[in-house]
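The primary structure of each chain is shown beneath.
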Amino acid sequence: MKRLSLRARLTIGFLLLTAICWGAASVSAWYQARHTINELFDTQQMLFAKRLIALDPAELSRSSLPETKKILTEHRGAQEDDALAFAIFTRDGKRIFDDGDNGKDFLFEPHVRGFHDGKLRDDDDLWRIVWLNTPDRQYVVAVGQEWEYRDEMTTDVVQSTLLPWLFALPVMIVLLLWLLHSELAPLKQIARQLQQRSPEDDSALNTSKLPSEVRPIVDALNGLFTRIHQMLQRERCFTSDAAHELRSPLAALKVQSEVVQLAHDDAAMRQHALLNLDAGIHRATRLVDQLLTLSRLDAQRALTESETVDLTELLQQAIIEQDAEAQRAGMILRLENQSGEAHLCQGHPLLLSLLLRNLLDNAIRYGRPGGTVSVILRPHQLEVNDDGPGVSEAALQRIGERFYRPPGQEKSGSGLGLSIVRHIASIHGMKMHLANRPQGGFSVIFDLP
């Protein structure tokens, strides 16, 4: 079943609420008006009855009131015969005086005093009648009014109040439809913008005329478009960089493969080509691993999960893992824990291990053969030093950029190691500083959170 549109749901909801509220207001107004009219007419009846008991019934009994119709056959105004009627009785029930109309049909009730509902002679309609004794208790005064008259007046009062609102309802519906159309127009405009939007378009949607309730959704969409654009840019950069950087290693592998094929019976040439081929495969594998690592880190701007990590233990493990590589280079790895105790921090153990591995690998690769790589842990600082030649001041400003390698480097590399280190440090809230050591060598310093 097709779901109704927002405009249709709002219109139907408004009509239902209007009908319910109008109906509830009508019932409430009717009961309130009926209560007020009953109070008014009860008071009127009581006052009229008190005026009658103040008169002398003996004098009134000598006269009688003619029917209104006999006095005025026409031009009697808007009178109601059942608006008010009265009669005066003796204690034994003899009627001695009445209004000449409905009062002559009152049925005497000897045991009733005060307000009481009753009927007239030969009439099934209920009347509201008040019965009072005269001060000398010789006579009984009855003043009555028909209930139907009160109900009709209540209905007239309620209708005069609510009918104008009922007639105004169609106008309100037309105005509601116009209001909904004008207020939902910005949403339709946003929908048109999205339909006409090209996949490459990263511009923000126009939010100038949007309602404040809808603006957060469009702002979130604009933020999503920006993030998607950044992700696409990263993917394009990654693809471009990977294609560029893999071209040279793959070309070298192809050359060495051809050399192996041309070697024929020359064992020395074949062995030399195979060693170069193995080294080339190793460099290509390392480059692909670093490219994939950098791609994953680019999509991660903050730690999605973390745990308490003992940085001292991670340093010891990283040194053990890199010790064989250092020995092949004739270098010594040294750990100095100046804090004197375990250093606990919040982080991702695998990413921190990758950071330390890349740092030690760089220090071993570019340090002085036979030298020392020092790892110094302070309470709020981590420092990795080598005693190599260092880098020029111009190159120092660019180290850490992707694929950047200082001019004149003899060691093989992709220029991604420190870029990975910088990114891991950033998502862990660590600030990285690069510097040449005064005594010679290169230093990477981290301010720990």
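Here, the structure is the one placed above.
Residues numbered from 1 in each chain as written. Predicted model: local features only at pLDDT ≥ 70, side-chain atom pairs only at ≥ 80, totals over all residues. Heavy atoms only, no water.

A. Focus on the pairing of strand β1 (residues 85–90). In terms of residue burial, β1 counts as a mostly covered element, since six of its six residues are buried. A two-sided burial pattern is seen for β1, the buried positions comprising A85, A87 and F89 on one face and F86, I88 and T90 on the other. Inspection of the sheet shows β1 paired to strand β2 (residues 95–98) by three bridges, in the antiparallel sense. Across the sheet, the residue bridging to F89 is R95, located in β2. Between β1 and β2, which pair antiparallel one after the other, the connecting turn spans four residues, and G93 there sits at a positive phi close to 100°. (Buried < 20%, exposed > 50% of the residue type's maximum accessible area, 1.4 Å probe, protein only. Helix = DSSP H or I, 4+ residues; strand = E, 2+ residues; numbered from the N terminus. Pairing = 2+ DSSP bridges.)

B. Looking closely at unusual backbone geometry. Not every positive phi belongs to a glycine, and D122 is a case in point at roughly 60°. Within the secondary structure layout, D122 lies in the loop between β3 (114–119) and β4 (126–133). Unusually for a residue other than glycine, R137 sits at a positive phi of about 60°. Of note, R137 is situated in the loop between β4 and β5 (139–146). Overall, the relative accessible area of 52% leaves R137 in the exposed class.

C. Representation of the pairing of β4 in the model. Counting buried residues along β4, six of its eight residues qualify, which places the element largely inside the surrounding structure. Note: β4 against β5, seven bridges, orientation antiparallel. Note that in β5 the partner of W131 across the bridge is A142. The hairpin formed by β4 and β5 contains five residues between the paired strands, and R137 there has a positive phi angle of roughly 60°.

D. Quick look at the sheet that holds strand β11 (residues 431–436). Ordered by their spatial adjacency, five strands build an open sheet running β7-β9-β10-β12-β11, and the pairing between neighbours is mixed. Two strands bound the open sheet, and with one partner strand each, they are β7 (332–337) and β11. Neighbour-to-neighbour, the strand axes of this sheet turn through a mean angle of 15°, independent of strand direction. In the sheet, β7 pairs with strand β9 (residues 372–378) via six bridges, with the strands oriented parallel. Pairing of E336 across the sheet is with I376, part of β9. Helix α7 (residues 311–328) rests against β7, β9 and β10 (381–386) of the sheet, and its axis sits at about 170° to β7. Set on the sheet, helix α8 (residues 349–366) makes contact with β7, β9, β10 and β12 (442–447); between it and β9 the angle comes to about 145°. (Axes fitted to C-alpha atoms, helices over the stretch in contact; angles between N-to-C directions. Contact = heavy atoms within 4.5 Å.)

E. Here's a closer look at a negative patch on the surface. Taken together, D124, D125, E148, E152 and D156 make up a surface patch of like negative charges. The topology assignment puts D125 in the loop between β3 and β4. (Patch = residues over 30% accessible without salt bridge, like charges linked within 9 Å, V, L, I, M, F, W, Y side chains within 5 Å. Areas by Shrake-Rupley, 256 points an atom, 1.4 Å probe, with all protein chains shown as cover. Salt bridge = Lys/Arg side-chain N within 4 Å of Asp/Glu carboxyl O. Lys, Arg positive; Asp, Glu negative; His and termini not counted. Charge placed at Lys NZ, Arg CZ, Asp CG, Glu CD.)

F. Highlighting the packing of aromatic side chains. Taken as a whole, this structure holds eight aromatic pairs when the rule is applied. For the pair F48 and F86, a centre-to-centre distance of 5.2 Å together with 80° between the ring planes defines the contact as edge-to-face. Remark: F86 occurs in strand β1 and F48 occurs in helix α1 (residues 6–54); sequence separation between them is 38 residues. For F86, a relative accessible area of 8% gives the class buried. Each ring, one from F108 and one from W131, has its centre 6.1 Å from the other, and the planes form 80°; the classification is edge-to-face. Placement of the pair is F108 in the loop between β2 and β3 and W131 in strand β4, with a sequence separation of 23 residues. (Phe/Tyr/Trp six-rings, centres within 6.5 Å; stacked < 30°, edge-to-face > 60°.)

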